[in-house]
Amino acid sequence: MTDTSMSSPAHSTSKGTGANLSKIALRWGLYLILGLFALYYLMPLFVMLTTSLKSLEEIRTGSLMALPREVTFDAWATAWSGACTGIQCEGLRPYFWNSVLIAIPAVALSTLLGALNGYVIAHWKFKGANLIFSLMLFGCFIPFQVVLLPMARVLGLMGLAGSIPGLIFVHVIYGLGFTTLFFRNYYVTIPAELTKAAKVDGASFLRIFRSIFLPLSLPIIVVTVIWQFTQIWNDFLFGVSFSQAGTQPITVALNNIVNSTTGVKEYNVDMAAAIIAGLPTLFVYVVAGKYFIRGLTAGSVKG
Amino acid sequence: MAPILDIKNLYKSYGPVEILKDINVSIEPGDFLVLVGPSGCGKSTLLNCIAGLEPITGGTLSIGGNDMTHVSPKDRDIAMVFQSYALYPTMSVAKNITFGMKVRGEDAATQEAKLKEVAAQLQIEQLLNRRPGQLSGGQRQRVAMGRALVRDPKLFLFDEPLSNLDAKLRVEMRSEIKKLHQTLGASMVYVTHDQIEAMTLATKIVVMKGGVIQQIGTPAEIYNTPANLFVADFMGSPAMNLIPAKTRKAGADTVLDIARADGASMQLRDHRALDLPADVLVGLRPEDIAESGFRAGADVQEAECLVDMVEPAGADTYVTSYLGGKQVTARLHAETSAQAGQPLSLAFDLGKVSYFSPSTGERLN
């Protein structure tokens with residue numbers, strides 16, 4: 001009796017340390033695997049960054065994976081303001097601003113209109129509201145290649161062909177499906193009694209939207225803005241189809257820099273240009289990413 | 001005085017589905033009208049129609065003598081308290097209460113004064129800077145009431161305001177609403193599915209079922225002389241006993257012949273010459289059946305019944321027996337000597353009896 005009672009605590013302790021050890025091993029194994037994945041995903045970025053900081057000479061002679069022996073920002077300067085896109089050699093700068101001029105109004109407009117649409121569809125039910133919502137959803141799944149020709153014709157008729165307002169228009173129209181979906185799904189979780197109470201309080205359609213719905217919408221606005229900004233900034237198809245010299249967005253310019261060079265391929269300039277083109281979306285994610293995750297789950301968690 | 005709320009021939013349908021059929025209700029200033037009925041009876045829809053939140057299909061509706069049939073909610077001079085309270089989540093309590101005044105463009109001084117007055121009345125002064133999310137259920141309820149009170153409307157509308165509270169708080173808030181009604185003397189329309197709430201609060205009750213008004217009356221009228229079987233069964237807890245009986249005339253009396261569990265039928269005499277069909281349902285409230293010797297009067301009839309079950313409930317003891325093939329409940333005093341399986345002499349107070357037709361369900365006397 002005494003023996004068993006004496007030995008049992010000792011036994012359990014040794015078992016406890018064993019369990020702890022395997023727990024620690026599992027944890028480190030997990031970190032290792034995650035670390036490897038992270039490395040794998042970061043590899044291209046690493047190559048881009050290092051290449052963009054090397055001179056052409058070094059790229060030719062050195063290894064792809066090697067760190068630059070001599071850091072130089074010449075390639076970045078060239079990409080920004082000197083690289084040739086076809087016959088002009090002004091770098092990415094003018095096109096970067098084109099993209100900014102397209103993306104900011106288009107994101108703002110499509111988000112605002114999506115919010116209004118979602119508000120109406122979720123809280124001001126009218127005959128055929130569900131049908132219209134389904135059609136807008138359908139719009140999310142139309143491949144953009146299908147609409148290129150009709151849209152070109154419409155832009156022509158509106159006198160917006162090849163202009164920045166034309167591109168804004170296109171992006172707003174094709175963004176509405178998603179923005180409406182986002183806001184509608186968020187707003188249906190807001191109880192209808194809130195609208196009723198506000199109506200009894202005397203608030204108008206727009207007043208209710210402004211004073212009650214918009215203040216509740218920050219998470220979904222962040223989601224929509226990130227989504228729309230990424231889509232519009234990264235868009236190539238509309239940019240290349242509906243622009244002309246001088247109104248092209250940065251994605252088109254990047255393509256021209258990479259594909260229109262003759263002779264020696266300036267890999268460092270190409271890499272720097274690609275990073276510049278990608279920086280704004282990266283920036284938006286870093287700044288608002290926290291809200292992005294929160295907003296995506298907000299709709300489903302709220303009762 | 002002109003009725004404060006007057007509803008005439010109101011119909012409401014969603015497509016082919018009729019939700020409300022031929023509703024006629026009117027209340028005087030200071031009335032507390034309770035719309036009561038099981039879920040799906042259309043009581044909340046009716047309230048929404050009164051508020052103007054749902055358009056009506058037919059009929060007219062006037063508030064304070066003005067036709068409001070097609071007027072938008074904000075111009076009806078009403079205030080409404082919702083089941084979920086519907087507090088604006090991003091606004092502080094103070095802003096919630098003053099939102100309506102702000103929308104209507106009242107000046108800041110008036111808003112401030114009214115807010116103070118209402119906050120003091122409802123004892124929510126210390127909550128004014130909080131958000132609704134930081135309040136308990138009872139506190140939210142008070143804020144929702146404050147939002148209605150601050151308007152000082154012609155008509156208050158309540159849509160099941162207590163059903164989200166726990167039992168104890170519900171009773172507390174119920175008496176507070178009653179007190180509020182007494183001190184304000186305001187006209188109120190209140191929707192509930194809880195018949196006790198209806199009885200305790202109302203000066204006038206409307207019992208509804210399937211979109212049709214079953215009975216309108218004071219709580220006493222509804223309780224004592226229900227218009228049909230539905231009302232008799234719905235109002236009161238435990239429900240009214242409905243005992244199948246055969247009737248015959250015996251001189252100036254009406255004799256009720258009720259089957260008993262042990263075979264031999266029981267006879268009760270109503271000393272009134274009533275023109276009743278041969279088969280009736282005898283409606284008697286549990287409290288109108290007492291132990292022999294505890295109820296006296298010209299209309300009290302005694303009979304021996306076999307006790308089936310004894311349920312002590314503290315203040316009273318409920319005793320059940322089988323009469324006419326139905327379980328009948330009697331509300332006896334707490335110290336009754338009734339025992340299950342034993343016969344007991346019960347006193348039936350036929351002065352309070354209701355007769356119903358088994359076929360139509362309508363009241364016969």
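Definitions and cut-offs
Residues numbered from 1 in each chain as written. Chains lettered and ligands numbered in written order. Predicted model: local features only at pLDDT ≥ 70, side-chain atom pairs only at ≥ 80, totals over all residues. Heavy atoms only, no water. Buried < 20%, exposed > 50% of the residue type's maximum accessible area, 1.4 Å probe, protein only. Helix = DSSP H or I, 4+ residues; strand = E, 2+ residues; numbered from the N terminus. Contact = heavy atoms within 4.5 Å. Domains from an automatic or database assignment. Buried area = accessible area lost by both parts, 1.4 Å probe. Core = buried A, V, L, I, M, F, W, Y, C linked by side-chain atoms within 4.5 Å. Salt bridge = Lys/Arg side-chain N within 4 Å of Asp/Glu carboxyl O. Polar contact = N/O pair within 3.5 Å; in protein donor to acceptor, adjacent residues only side chain to side chain. Pairing = 2+ DSSP bridges. Axes fitted to C-alpha atoms, helices over the stretch in contact; angles between N-to-C directions.

Undergrad: Even after reading the chapter, I still don't get helix H8 (residues 192-200) of chain A, so can you show me in this structure?
TA: The α-helix advances 3.6 residues per turn, and as a result positions three or four apart in sequence lie on the same side. All of the buried residues along H8(A) are Glu193(A), Leu194(A), Thr195(A), Ala197(A), Ala198(A) and Val200(A). Among the residues trailing H8(A), Gly202(A) stands out with phi positive, at a value near 100°.

Undergrad: What should I look at first to understand the environment of Thr98(B) in this one?
TA: Residue and element names in this part refer to chain B. By secondary structure assignment, the location of Thr98 is in helix H2 (residues 93-103). Given the relative accessible area of 10%, Thr98 is considered buried. When the C-alpha positions of Thr98 and Glu112 are compared, they lie 8.2 Å apart, and in sequence the two are 14 residues distant. With residues up to four places along the chain from it excluded, the contact list for Thr98 reads Gln111 and Leu115.

Undergrad: Help me out: how do you make sense of the domain arrangement of chain A in this one?
TA: The figure often quoted for interface size is the accessible area lost as the parts come together. All names here are of chain A. Taken as a whole, chain A is organised into domain 1 (2-75) and domain 2 (78-301). The gap between the C-alpha centroids of domain 1 and domain 2 is 37 Å. In this complex, domain 1 contributes 11 residues to the contact, which on the side of domain 2 involves 12 residues. A combined buried area of about 880 Å² lies between domain 1 and domain 2, and 73% of that area is made up of carbon and sulfur atoms.

Undergrad: Any chance you could explain the nonpolar core here in plain terms?
TA: Generally speaking, soluble globular proteins have nonpolar side chains that are buried together. In terms of nonpolar packing, the biggest core is built from 94 residues, with Tyr187(A), Leu5(B), Leu155(B) and Val189(B) touching the most fellow members. When near neighbours in sequence (up to four residues on either side) are disregarded, Leu155(B) contacts Ile4(B), Leu5(B), Ile27(B), Ile50(B), Ile63(B), Asp77(B), Ile78(B), Ala79(B), Ser187(B), Met188(B) and Val189(B). Judged by nonpolar contacts, the second largest core, of 45 residues, contains Leu122(B), Leu149(B), Phe158(B) and Leu180(B).

Undergrad: Help me out: how do you make sense of the interface of chain B and chain A in this one?
TA: Taken together, the contact between chain B and chain A spans 25 residues of the former and 15 residues of the latter. With both chains or domains summed, chain B and chain A bury close to 1700 Å², and 65% of this area falls on carbon and sulfur atoms. Scanning the region where chain B abuts chain A turns up 0 salt bridges. On the surface where chain B and chain A come into contact, there are 5 residue pairs in polar contact (both at pLDDT 80 or more). Elements with a contribution of two residues or more to the side of chain B that touches chain A: strand S6 (78-81) and H2 of chain B. Counting residues per element, the side of chain B that touches chain A draws most heavily on H2(B), which supplies 4 residues.

Undergrad: Quick question: what am I supposed to make of the sheet that holds strand S13 (residues 266-270) of chain B here?
TA: Within a beta sheet, neighbouring strands are joined by backbone hydrogen bonds and run either parallel or antiparallel to one another. Residues and elements named next belong to chain B. Spatial ordering of the open sheet is given by S13-S12-S11-S14-S20, a layout of 5 strands whose pairing is antiparallel. Looking at strand neighbours, the two that pair on one side only are S13 and strand S20 (354-356), the edges of this open sheet. Across the sheet, the mean angle from the axis of one strand to that of its neighbour is 40°, orientation sign disregarded.

Undergrad: Teacher, can you tell me more about the sheet that holds S6(B) here?
TA: All names here are of chain B. Taken together, 6 strands build an open sheet; the order of strands is S6-S7-S8-S3-S9-S10 and the sheet is mixed. The open sheet terminates on both sides in strands that have one partner only, identified here as S6 and strand S10 (212-217). Strand-to-strand twist of the sheet, defined as the mean angle between neighbouring strand axes without regard to direction, takes the value 15°. Here strand S3 (residues 32-36) pairs with strand S8 (residues 187-192) via 5 bridges, running parallel. Bridge pairing links Leu35 to Val191 in S8.

Undergrad: I tried to follow the domain arrangement of chain B on my own but got confused; where do I start?
TA: Residues and elements named next belong to chain B. Looking at chain B, the domain boundaries give domain 1 (5-234) and domain 2 (241-356). One C-alpha centre belongs to domain 1, the other to domain 2, and the line joining them spans 40 Å. On the domain 2 side, the residues contacting the 8 residues of domain 1 number 6 residues. For the pair domain 1 and domain 2, the summed buried surface comes to about 650 Å²; carbon and sulfur atoms form 56% of the total. Contact with domain 2 buries area across many residues of domain 1, yet Tyr223, Leu229 and Ala232 alone supply 68% of it, more than any other trio. At the junction of domain 1 and domain 2, the tally comes to 0 salt bridges. At the junction of domain 1 and domain 2, the tally comes to 2 residue pairs in polar contact (both at pLDDT 80 or more). For the side of domain 1 that touches domain 2, the secondary-structure elements that each account for two or more residues are helix H7 (219-224) and helix H8 (229-234). When residues in the side of domain 1 that touches domain 2 are grouped by element, the largest group, 3 residues, is from H7.

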